[in-house]
Amino acid sequence: MLLQIRKVSLLLRRAKHSKTHWSQVQKKQFARDRALENFDDFYGQVYGNRWKSIRVALLSEHKYMALVNQFGDCERTVAELEADGAINLREIYAAKKRSLSGLFEERASEDKIFKMDQRIEAFAENRERQEMERLYKEDVPEVGTREDVEAKEGGAVDFKKSLSKTLQDDKEMDFQRMIDPDFGTSALHEFIPATKLKGMEDYVPESDHYKYYSNSADFPVTIEMENNFEIPQNLDIYTYERGNCSDFKPPRNCSTGVLSHFLLDGASILPALALDVQPGDRVLDACAAPGGKSLLLLQTLRPGTLVCNDVQESRVNRIRKLMGSYL
């Protein structure tokens, strides 16, 4: 009975370790996985607990927003988007601004709101110390003084004579190091271990690259809160609530012959709004294709003149096609 119990336990033990058998196919690691490991190693120490949210945002799907065309049936388009559950970006911005107003007042009493440069500097110093310890593991023997050398030799040492003798020995050919051709040249192909690493004077530690992220003393960076950011009254942009990446319905033809709305990435809206175009301004978009940001500026009804251009004729044709569909 005891033997049977041993057999059963032995079989169970084999089944337990069968998951890590050598014949099992390992999970393939893609370039994205290696890049994320590198990001976690560096940015995890820079941003701290905030890096988890930033990492999720980088891996999330693109969230598109619907720009209502003011030159079409805008009231009907707004009603259809709100019926599908979309929310006006102006309302989201106003609600978020009210919720953050109290938070900014509490942080105003602190000496520093952001400590990004201190974290980067500490991480760079830590990485530099680790690299130096890895590169210079062996201790360099200390060179003794003149008294130490004389005490070791047992008397006074004529250093000038020693130097002359060394130079004379270097001039003479060391015949013991020559290889007799009769014995072949196989000794030239033998492995000789390296005793010194050349090129270390030009070596730049990887940690020095991280110092470019820190603020320079000559060019200090001051973070100021933006207070005059606003969404123009004539601009209607709709999006779904946070976490909802549902697709919008395709644009339809309006009674005026143009399309009802234009879909663009949410991040593409911020540069056009941050430009803060005022009525009558002249705007140049030198890299306008396919034309989403330029169309957004036109929907504000503020630019007096808008010039769109690009480097290739095919990209310029895309701008013409887009403007012809919405204007």
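Quick caveat: nothing in here was measured; it's all calculated off a predicted structure.

So, how was this worked out
Residues numbered from 1 in each chain as written. Predicted model: local features only at pLDDT ≥ 70, side-chain atom pairs only at ≥ 80, totals over all residues. Heavy atoms only, no water. Helix = DSSP H or I, 4+ residues; strand = E, 2+ residues; numbered from the N terminus. Buried < 20%, exposed > 50% of the residue type's maximum accessible area, 1.4 Å probe, protein only. Contact = heavy atoms within 4.5 Å. Areas by Shrake-Rupley, 256 points an atom, 1.4 Å probe, with all protein chains shown as cover. Pairing = 2+ DSSP bridges. Axes fitted to C-alpha atoms, helices over the stretch in contact; angles between N-to-C directions. Salt bridge = Lys/Arg side-chain N within 4 Å of Asp/Glu carboxyl O. UniProt positions renumbered as here; feature names shortened; annotations may be inferred. Core = buried A, V, L, I, M, F, W, Y, C linked by side-chain atoms within 4.5 Å. Right-handed = clockwise from strand over helix to strand, strands pointing away. Phe/Tyr/Trp six-rings, centres within 6.5 Å; stacked < 30°, edge-to-face > 60°. Parallel < 35°, antiparallel > 145°, perpendicular 65-115°, else oblique. Left-handed = near helix turned anticlockwise from the far one by under 90°. Nonpolar A, V, L, I, M, F, W, Y, C, P; charged D, E, K, R; others polar. Patch = residues over 30% accessible without salt bridge, like charges linked within 9 Å, V, L, I, M, F, W, Y side chains within 5 Å.

## Thoughts on the overall build of the chain
- The helix and strand inventory of the chain stands at 12 helices and 6 strands.
- For the chain, with 327 residues in total, the buried portion stands at 21%.
- Across the chain, contacts joining residues at least 24 apart in sequence account for 71% of those joining residues at least 6 apart.
- Accessible surface for the chain amounts to roughly 26100 Å². Of this, 54% is attributable to carbon and sulfur atoms.

## With respect to the sheet that holds strand β3 (residues 237–239)
- Pairing within the open sheet is antiparallel, and its 4 strands lie in the order β2-β3-β1-β4. Two strands in the sheet have a free side with no partner beyond their single neighbour: β2 (87–88) and β4 (261–265).
- Of the strand pairs in this sheet, strand β1 (residues 64–68) and β4 are connected by 5 bridges, and their pairing is antiparallel. The residue bridging L67 from the neighbouring strand is F262, located in β4.
- In this fold helix α4 (residues 74–83) packs onto β1, β3 and β4, with an angle of close to 150° to the strand it touches most, β1.

## What about the pattern of salt bridges?
- Across all of its chains, the model carries 8 salt bridges by this definition.
- R315 is the partner of D310 in a salt bridge, and the nearest nitrogen-oxygen pair spans 3.0 Å.
- Through salt bridges that share partners, R76, E80 and R252 make up one connected network.

## What about the UniProt feature "binding site: S-adenosyl-L-methionine" (unreviewed entry) in the chain?
- Feature annotation in UniProt assigns "binding site: S-adenosyl-L-methionine" (unreviewed entry) to the following positions: C287, A288, A289, P290, G291, G292, K293 and D310. For the annotated residues, spread through 24 residues, the largest C-alpha to C-alpha distance comes to 13.4 Å, consistent with a single compact locus.
- Checked against the element boundaries, G291 lands in the loop between β5 (282–285) and α11 (292–299).
- Here G291 is in contact with L322 and M323, once residues within four sequence places are set aside.
- Mapping G292 onto the fold places it in helix α11.
- A residue is classified by how much of its surface remains accessible, and G292, at 11% relative accessible area, is buried.
- The contacts of G292, once residues within four sequence positions are left out, are F262, L264 and L322.

## Let's talk about the nonpolar core
- Counting residues in hydrophobic clusters, the biggest one holds 23 residues, and the most contacted among them are L67, L235, I237, F262, I269 and L296.
- Top contributing element to this core by residue count: helix α12 (residues 313–326), with 4 residues.
- Leave out the neighbours within four places in its chain, and L296 touches L67, L235, I237, L264, I269, A272 and L273.
- V78, L81, A86 and F248 belong to the second largest nonpolar core, which has 8 residues in total.

## Observations regarding the pairing of strand β6 (residues 305–308)
- One ladder, built from 4 bridges, connects β5 with β6; its direction is parallel. Counterpart to D285 in the pairing with β6 is C308.
- Chirality of the crossover, the property in question, places the unit of β5, α11 and β6 among those that are right-handed.

## Concerning the side chain of N69
- You can see N69 is positioned in the loop between β1 and α4.
- N69 sits in the buried class, given a relative accessible area of 1%.
- For N69, the contacting residues outside a window of four places in its chain are C74, V258, L259, S260, H261, Q299 and Y326.

## Side note on the packing of aromatic side chains
- The full count for this structure, using the stated rule, is 7 aromatic pairs.
- Ring centres of F39 and Y43 lie 5.6 Å apart, and the angle between their planes is 80°; on these two criteria the pair is classed as edge-to-face. Taken as a pair, F39 and Y43 lie in helix α2 (residues 31–47) at a separation of 4 residues, close to a single helical turn.
- What makes Y43 partly exposed here is its relative accessible area of 21%.
- Clustering of aromatic rings is evident, with ring pairs tying together F39, F42, Y43, Y47 and W51.

## As for the packing of α2 against helix α3 (residues 50–59)
- One way to put it is that α2 packs onto α3 with a least axis distance of 9 Å and a crossing angle of 140°. With respect to each other, α2 and α3 are oriented oblique. The way α2 lies across α3 gives a crossing that is right-handed. Between α2 and α3, the contacting residues are L36, F39, D40, Y43, G44 and Y47 on the first element and R50, W51, I54, R55 and L59 on the second.
- Each residue belonging to the contact of α2 with α3 can be placed in one class, and the counts come to 7 nonpolar, 1 polar and 3 charged.

## What about a nonpolar patch on the surface?
- On the surface, a nonpolar cluster with roughly 270 Å² of combined accessible area is contributed by I54, L58 and L59.
- Relative to the assigned elements, L59 resides in helix α3.

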